[in-house]
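Chain by chain, the residues run as shown.
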Amino acid sequence: MTSTVLQMKNIVKSYRDGEAERTVLDRVNLEVKAGEFAAIVGPSGCGKSTLLNIAGMMLSPDSGEISLCGEKVSALPKKKWTAIRKEKIGFIFQNHQLLPYLRAGEQLSVLMGTDEKTVQELFQELSIAHVIRQYPSALSGGERQRVAIARAFASDAALILADEPTASLDSERGHHVVEMIRMEAHSRNRAAVMVTHDERVLDLADCIYRMEDGKLTKI
Ligand SMILES: Nc1ncnc2c1ncn2[C@@H]1O[C@H](COP(=O)(O)OP(=O)(O)OP(=O)(O)O)[C@@H](O)[C@H]1O
Ligand SMILES: [Mg+2]
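Figured I'd write up the structure that's included with this text. (Residues numbered from 1 in each chain as written. Chains lettered and ligands numbered in written order. Predicted model: local features only at pLDDT ≥ 70, side-chain atom pairs only at ≥ 80, totals over all residues. Heavy atoms only, no water.)

### Side note on the overall build of the chain
Within the chain, the secondary structure is distributed over six helices and 10 strands. Against the globule reference of 17 Å for 219 residues, the chain gives a C-alpha radius of gyration of 17 Å, in line with a compact fold. Each principal axis of the C-alpha atoms in the chain carries an extent, and together these give about 50 × 45 × 35 Å. Classification of the 219 residues of the chain by burial places 50% in the buried group. Counting only contacts in the chain whose residues sit at least 6 apart along the sequence, the fraction spanning at least 24 positions is 70%. Total accessible area computed for the chain in this model is approximately 10700 Å², and 47% of it derives from carbon and sulfur atoms. Counting 28 positive and 29 negative side-chain charges, the chain places the centres of these two groups 5 Å from one another. (Helix = DSSP H or I, 4+ residues; strand = E, 2+ residues; numbered from the N terminus. Rg over C-alpha atoms; globule rule 2.2 N^0.38 Å. Buried < 20%, exposed > 50% of the residue type's maximum accessible area, 1.4 Å probe, protein only. Contact = heavy atoms within 4.5 Å. Areas by Shrake-Rupley, 256 points an atom, 1.4 Å probe, with all protein chains shown as cover. Lys, Arg positive; Asp, Glu negative; His and termini not counted. Charge placed at Lys NZ, Arg CZ, Asp CG, Glu CD.)

Right, dumping it as structure tokens:
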């Protein structure tokens, strides 16, 4: 049986732009099941990160419903959001947020409680074993991105959200990282949603959505 991990219903989000109000998400629907890897494409500024941040409970929609693993989380009080986010969501941010005062390996071991062996295996798989004891400021953009990816994989989250995970990587590494996201979804039965501009990795996704003019359509 396949279960729905993420369900977004009729999501509306507008931003104020001086006097005007701009509707970035106009009744968007999205459903992603366990074991499914979905990709979202669309022009810059169309609302992809906004959508992902709403799915990741980092931002509230103006209206609409969000359910995670069958639980209607949008109805829960905000103070419960952090705990749910921690338990259910592994987020790979567009700007790969790492804590500046923790070494790369500690971003997993201290923040996620990941054991040493798993940290080493993940870093090896992502070809960043050499930076395990370095602070984020000493890493290249692509290395930081891969530490952020390792951190999302280290969680047991049912849902992995990745915002442009290949942006700082060369095409070979980018392809490998997306293959790993696909494998996380397929072999560990997680749901994964990736926003990307990178046409070369789209063949790895199970389904592709296009975001444009506030609407999300399956292609
Ligand atoms: N906090 C905010 N206040 C006002 N406008 C915002 C805010 N956040 C985003 N926007 C606007 O909403 C639109 C969508 O932004 P978003 O970051 O979701 O786009 P995107 O599709 O992820 O773009 P990119 O591909 O460049 O990352 C943009 O026009 C942006 O300027
Ligand atoms: Mg974005």
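### A short note on unusual backbone geometry
Peptide bonds are mostly trans, and most non-glycine residues show a negative phi. Its identity as a non-glycine residue notwithstanding, S127 has a phi of 55 degrees, on the positive side. Locating S127 in the fold gives a position in the loop between helix 4 (116-125) and helix 5 (141-154). For D213, which is not glycine, the phi torsion reads 50 degrees and is therefore positive. Along the chain, the position of D213 falls in the loop between strand 9 (207-212) and strand 10 (215-218). Assessed through its relative accessible area of 72%, D213 is described here as exposed.

### Examining helix 5
Helix length check: helix 5, at 14 residues, gives a terminal C-alpha distance of 20 Å against a target of 20 Å (1.5 Å per residue), a fit within 8%. Of all 14 residues that make up helix 5, 12 are buried, and the element is covered over most of its length. Those residues of helix 5 lying buried are G142, E143, Q145, R146, V147, A148, I149, A150, R151, A152, F153 and A154. Turning to helix 5, the residues buried within the fold contact strand 6 (89-92), helix 3 (106-112), helix 4, strand 7 (159-163) and helix 6 (171-187). (Expected span 1.5 Å × (residues − 1).)

### Brief notes about the site of ligand 1
Around ligand 1, the structure places 14 residues, and the nearest of them are R22, S44, G45, K48 and T50. In this structure, an oxygen atom belonging to ligand 1 sits 2.8 Å away from a main-chain N or O atom of G45. Note that an oxygen atom of ligand 1 is positioned 2.8 Å from one of the side-chain N or O atoms of S49. Mapped onto the shell around ligand 1, the elements with two or more residues apiece are strand 2 (20-33) and helix 1 (48-55). Per element, the largest residue contribution to the shell around ligand 1 is three residues, and it comes from helix 1. Within the shell around ligand 1, the residues separate by chemical class into four nonpolar, seven polar and three charged. (Near = heavy atom within 4 Å. Polar contact = N/O pair within 3.5 Å; in protein donor to acceptor, adjacent residues only side chain to side chain. Nonpolar A, V, L, I, M, F, W, Y, C, P; charged D, E, K, R; others polar.)

### Notes on the environment of T82
Residue position: T82 is located in helix 2 (residues 81-88). In this structure T82 comes out as partly exposed when scored by relative accessible area, which is 46%. T82 sits 25 residues away from M57 along the chain, and the two C-alpha atoms are 8.1 Å apart.

Any functional reading would require information beyond the geometric quantities listed.
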